[in-house]
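# An overview of the molecular structure
Here is what each chain is made of, one letter per residue.
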Amino acid sequence: MLVHSRGGRWAVWIVFFALFLPVFALPFLVIMVASFATSWSGAFPSGMTLGHYQELTKGDSPHALLTSLVTALVASLAALAIGTWAALGAEALRRRGRRVVDALFMLPVAVPSVVVGLSLLVAFSKPPLLLNGTSTIVITAHTVLVTAFAYQSVAAALTRLDPAYEQSAASLGARPSYVLWRVKLPLLLPSLTAAAGLCFALSMGELSATMMLYPPNWVPLPVTIFGATDRGALFTGAALAVVLMASTLLVLFAVSRIRNRASYR
Amino acid sequence: MGIRFDSVTVRYGDNTVLDSLDLTVEPGEVMALLGPSGSGKTTALRAVAGFVTPAAGRVLIGGRDVTALPPHRRGIGMVVQQYALFPHLRVEQNVAFGLKARKVPRARIAERVSEALRMTGMERYARRYPRELSGGQQQRVAIARALAIRPGVLLLDEPLSALDAQLRSGMLAELARLHRELPDVSILYVTHDQIEALTLADRIAVMDKARLQDCGTPQDLYRRPRTEFTASFVGNANLLPVTVIGDAVRFGGTELKVPVDGIAPGAAATLCVRPHLVGLGEGPNALRGTVAEVQWRGATHRVFVDIDGHQIKADVRELRTPPALGQQVAVHFATQDAVLLGAGVADG
Ligand SMILES: Nc1ncnc2c1ncn2[C@@H]1O[C@H](COP(=O)(O)OP(=O)(O)OP(=O)(O)O)[C@@H](O)[C@H]1O
Ligand SMILES: [Mg+2]
C-alpha cells in the first residue's frame, strides 16, 4: 500500500469499506440472502427455506444453465481463436493498418449490444444466411461481443513479448509456424487464458443482445432470471442469479488454476 | 564458414546506422566488433542473422549470398545480450530446440544435446528451467543452444555484458577454450570492452558512427593504430598535436624524437603514446607540466599531467610518495614507443 503512516492507513481502510461494501459487496449479499427467503417486507427477510433451489432442479432451469455454459464456452473459445489470430495478423501490419484493425475490433464495444443483437437479427433473417431462431445466432452474437476483449488482451500481450525470443528461435532454424506454436503461443498462454476467462464471464452475463435473438429452445440463464423477476418471482430469480454467479466463478477459478501453472513454468 | 560484408548499408528511416561496411571474417577466425554504444555493432550482427534488411550491399556466409534469405534458413548460431532462453522449456529442451525445428532424428538430438551441454559444462543442469539458473549459467545454456545446431558461424552480441567482472574473465577463458574445440567455427563477437576484444579476437574491427574505422590484429591496433579513434578507444592512448620537422616533431616549444615514417616536414600530425609507456621524471623526450590528478589503481598510479593545455596520462608502478596536485613534474617516453598518425589518416 502506498500510505505509510498508521493514521493514513486507517483512513484508507475506512474509505475502502465505506465505498466498497455498499457498492460492490452488499448487492451480492442481498441476492444471496434473498435466494433463501420467502418474504422480505421489513428490514430483514424472513421464512428462510431451501425451496427456491429445490424448485430450480425441476423445470427449465437446468437446461438454461447448460445453455449458458455451452454458449459461453463456445463463444469464448471462438473469440479467443479469432482475437488471437487477428492480433497476430495485426502485429505483422504497419502502424496504420494496425490502427484500422484496432478500431474495427473496438466497434462491438462501442456499439450498444442491443444494436449488435438487432443488426445480427436483420442480417441473418433471409436465406441463404437464415439463422433466426437457432442457437447459432445467439452464440454468434456472444462471439461478436466478446471477441473485442480477446483481441485487445492478446494484442497488448504481444507488444510486451520480447522479439528476442522469436528471433532466437528463427536463427536456430525454426520456420515462422514452428516459432508460433512452440514459442509465441506458449509464452502468451497466461494472457490467452486470462482473455478466455474474461470472455467467458462476459458471455455468461450477456442479456441485452440475447433478448433480441434467443429461440425458445435456447434460453440462457440471464434471460430466465429476467423472466422470473419480470413475473414477480423475485426470490426464484435471486436463486437463479446465485447459480449463475457460482457457476461463472467456478469456471474462472478453474481457468486461473491453469493460468498459474502456465506462468509458473 | 566465413562471413563477408560487401558494402552493407542499413538505414532506419533517414538514419544511416551502418554505412557501407566492408569486412571479411575468415573461416575459423574470431573477429571482434569493437566500438562505443550506438556505433552500429548490433546492427551489423543483425544484418548477418537476417533480422534487418540492408538498404544496400550484400551479406555472404560461406561464400553464399544470404541477403535475401529469411533468418531460419541461414544456419547460424546466435547469442543475444539477454540470452533469450525460452522460459517455458527446460535447459535440455532449450538446447534441443534448434535440432527439433530442423527435424533431426530423435536419437541424434539426445546425443547432440548432451554434447553441447558437456562442452559448456552444463550437464548437471539439464532438467532445470532457465529462471532457476544464475546469469553465467544462462549464458552457457544460450551458447550450448547455439552450438547444438553445429553452425558454421557463431554470432555473439555482448555475451558477457550481463555478468560481473570476475565471472566475465572466467567466461572469456571458456570461450577461448570452446573455440579451440571448434576450430572451424567463425565467430563474430560484438563488444564495447577492449579487454574482451584484445583477449579473444584474432582480429578486431573498430567501429564508430556507423562506420568501420580500423581493422587488424590486436597487436597491430594496439601498437600501431591507424586512426586517432582507434588509438584512444583501444588502450586509451595519449594524443598530442605535433608538427613534423625533419626526423623529429615539435610539440609546443619542445622537440621530440619519434619515428616519422615518411610524413612530410611541416605537416601536422598526432603523436600517440600509451599511458603505461610514459615514465615519470626526466629522460629522453621529456615534457614538463603540472600534476592535475593522481588516481591510485592498486598496482599502479595513474598520473594526469597538464602540459600546455593538453593532458598526458602516465601509468606508473605504485609510488611510495605520489606527487602532490599542482606539483611541477616531467614525463618522458622512449622513441620507439611513440606512433605518429599523419593528418591524412586521422579520424575524420
Ligand atoms: N529498430 C531501430 N529503429 C531505429 N533506430 C535503431 C533501431 N535499432 C537501432 N537503431 C539505431 O541504430 C544505431 C546503432 O544501433 P546498434 O544497436 O547497432 O548499436 P550498438 O553499436 O550495438 O550499441 P550498443 O553497444 O549500445 O549495443 C543507434 O543509434 C540506434 O539508435
Ligand atoms: Mg548492441
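Conventions we followed
- Residues numbered from 1 in each chain as written.
- Chains lettered and ligands numbered in written order.
- Predicted model: local features only at pLDDT ≥ 70, side-chain atom pairs only at ≥ 80, totals over all residues.
- Heavy atoms only, no water.
- UniProt positions renumbered as here; feature names shortened; annotations may be inferred.
- Axes fitted to C-alpha atoms, helices over the stretch in contact; angles between N-to-C directions.
- Helix = DSSP H or I, 4+ residues; strand = E, 2+ residues; numbered from the N terminus.
- Parallel < 35°, antiparallel > 145°, perpendicular 65-115°, else oblique.
- Left-handed = near helix turned anticlockwise from the far one by under 90°.
- Contact = heavy atoms within 4.5 Å.
- Nonpolar A, V, L, I, M, F, W, Y, C, P; charged D, E, K, R; others polar.
- Buried area = accessible area lost by both parts, 1.4 Å probe.
- Salt bridge = Lys/Arg side-chain N within 4 Å of Asp/Glu carboxyl O.
- Polar contact = N/O pair within 3.5 Å; in protein donor to acceptor, adjacent residues only side chain to side chain.
- Core = buried A, V, L, I, M, F, W, Y, C linked by side-chain atoms within 4.5 Å.
- Buried < 20%, exposed > 50% of the residue type's maximum accessible area, 1.4 Å probe, protein only.
- Near = heavy atom within 4 Å.
- Areas by Shrake-Rupley, 256 points an atom, 1.4 Å probe, with all protein chains shown as cover.
- Expected span 1.5 Å × (residues − 1).
- Pairing = 2+ DSSP bridges.

An unreviewed UniProt entry lists chain B under the name ABC transporter ATP-binding protein, with Streptantibioticus ferralitis given as the organism.

If you look chain A up in an unreviewed UniProt entry, it shows as ABC transporter permease subunit from Streptantibioticus ferralitis. We quote the UniProt Sequence similarities (unreviewed entry) comment for chain A here in full: "Belongs to the binding-protein-dependent transport system permease family."

### Comments concerning the packing of helix H6 (residues 135-160) of chain A against helix H8 (residues 176-205) of chain A
What describes two packed helices is the angle between their axes and the distance between those same axes. Residue and element names in this part refer to chain A. Across the interface, H6 lies against H8 with an axial gap of 9 Å and an inter-helix angle of 150°. Relative to H8, the element H6 lies roughly antiparallel. The two elements H6 and H8 meet at a crossing, and its hand is right-handed. For the pair H6 and H8, contact is made by His-142, Val-146, Phe-149, Ala-150, Ser-153, Val-154, Ala-157, Leu-158 and Arg-160 and by Lys-184, Leu-188, Ser-191, Leu-192, Ala-195, Leu-198, Cys-199, Leu-202 and Ser-203, respectively. Residue composition of the contact of H6 with H8, by class: twelve nonpolar, four polar and two charged.

### Concerning the interface of chain B and chain A
Contact residues are listed per partner, giving 24 residues for chain B and 19 residues for chain A. Here chain B and chain A share an interface that buries about 2000 Å² over both sides, 64% of which is from carbon and sulfur atoms. The three residues of chain B that bury the most area against chain A are B:His72, B:His88 and B:Phe97, which together make up 31% of that side's buried surface. Joining chain B to chain A, the criterion identifies zero salt bridges. Where chain B packs against chain A, one counts three residue pairs in polar contact (both at pLDDT 80 or more). Among the elements of the structure, strand E6 (76-79), helix H2 (91-101) and helix H4 (135-148) of chain B are those that each provide at least two residues to the side of chain B that touches chain A. Here the side of chain B that touches chain A gets four residues from one element, more than from any other, and that element is H2(B). By residue class, the composition of the side of chain B that touches chain A is 15 nonpolar, three polar and six charged.

### With respect to the nonpolar core
Counting residues in hydrophobic clusters, the biggest one holds 67 residues, and the most contacted among them are A:Tyr151, B:Val95, B:Phe97, B:Leu117, B:Leu175 and B:Tyr189. If you tally residues by element for this core, the top one is H8(A), at nine residues. Not counting residues within four places of it along the chain, the set of residues in contact with B:Tyr189 comprises B:Met31, B:Ala32, B:Leu33, B:Leu156, B:Pro159, B:Leu160, B:Leu172, B:Leu175, B:Glu196 and B:Leu200. Membership of the second largest hydrophobic core comes to 33 residues, among which are B:Phe5, B:Val25, B:Leu45 and B:Ala49.

### So, the UniProt feature "domain: ABC transporter" (unreviewed entry) in chain B
With numbering aligned to this structure, UniProt lists the feature "domain: ABC transporter" (unreviewed entry) at residues 3-234 of chain B. Between the end C-alpha atoms of residues 3-234 of chain B there is a gap of 24 Å, over a span that is 36% helix and 26% strand.

### Quick word on the site of ligand 1
Residues and elements named next belong to chain B. Residues in close proximity to ligand 1 include Tyr-12, Val-17, Pro-36, Ser-37, Gly-38, Ser-39, Gly-40, Lys-41, Thr-42, Thr-43, Glu-158 and His-192, which together make up its full environment. The contact in question runs from an oxygen atom of ligand 1 to an N or O atom on the backbone of Ser-39, over 3.1 Å. In isolation ligand 1 offers 640 Å² of accessible surface; the protein chains occlude 59% of this area. Among the elements that take part in the shell around ligand 1, helix H1 (residues 41-49) stands out by supplying three residues, more than any other. Class assignment of the residues belonging to the shell around ligand 1 gives a composition of three nonpolar, seven polar and two charged.

### Quick notes on the environment of A:Phe200
Residues and elements named next belong to chain A. Inspection of the secondary structure assignment puts Phe-200 in helix H8. Phe-200 sits in the buried class, given a relative accessible area of 4%. For the pair Phe-200 and Thr-71, spaced 129 residues apart in sequence, the C-alpha to C-alpha distance is 9.0 Å.

### Details of H4(B)
All names here are of chain B. Under the 1.5 Å per step criterion, the end-to-end length of H4 is 20 Å for 14 residues, consistent within 8% with the ideal 20 Å. Counting buried residues along H4, twelve of its 14 residues qualify, which places the element largely inside the surrounding structure. Buried residues of H4: Gly-136, Gln-137, Gln-139, Arg-140, Val-141, Ala-142, Ile-143, Ala-144, Arg-145, Ala-146, Leu-147 and Ala-148, and no others. In the stretch just after H4, Arg-150 is the one whose phi turns positive, near 50°.

### Digging into the sheet that holds strand E15 (residues 279-280) of chain B
Residue and element names in this part refer to chain B. Pairing within the open sheet is antiparallel, and its five strands lie in the order E15-E19-E16-E17-E18. The strands lining the two open edges of the sheet, one partner per strand, are E15 and strand E18 (310-317). With seven bridges connecting them, strand E16 (residues 287-297) and strand E17 (residues 300-307) associate as antiparallel partners. By the bridge assignment, Thr-290 is partnered in E17 with Asp-306.

### Description of the UniProt feature "domain: ABC transmembrane type-1" (unreviewed entry) in chain A
According to UniProt, the feature "domain: ABC transmembrane type-1" (unreviewed entry) maps to residues 65-255 of chain A in the numbering used here. Annotation note: span residues 65-255 of chain A, helix share 83%, strand share 2%, distance between end C-alpha atoms 19 Å.

### Topic: the UniProt feature "transmembrane region" (unreviewed entry) in chain A
All names here are of chain A. Taken from the UniProt record, the annotation "transmembrane region" (unreviewed entry) applies to residues 12-43, 63-88, 100-124, 130-151, 187-214 and 234-255. Secondary structure across residues 63-88 divides into 100% helix and 0% strand, with the first and last C-alpha atoms of the span separated by 37 Å. Between the end C-alpha atoms of residues 187-214 there is a gap of 38 Å, over a span that is 89% helix and 0% strand.

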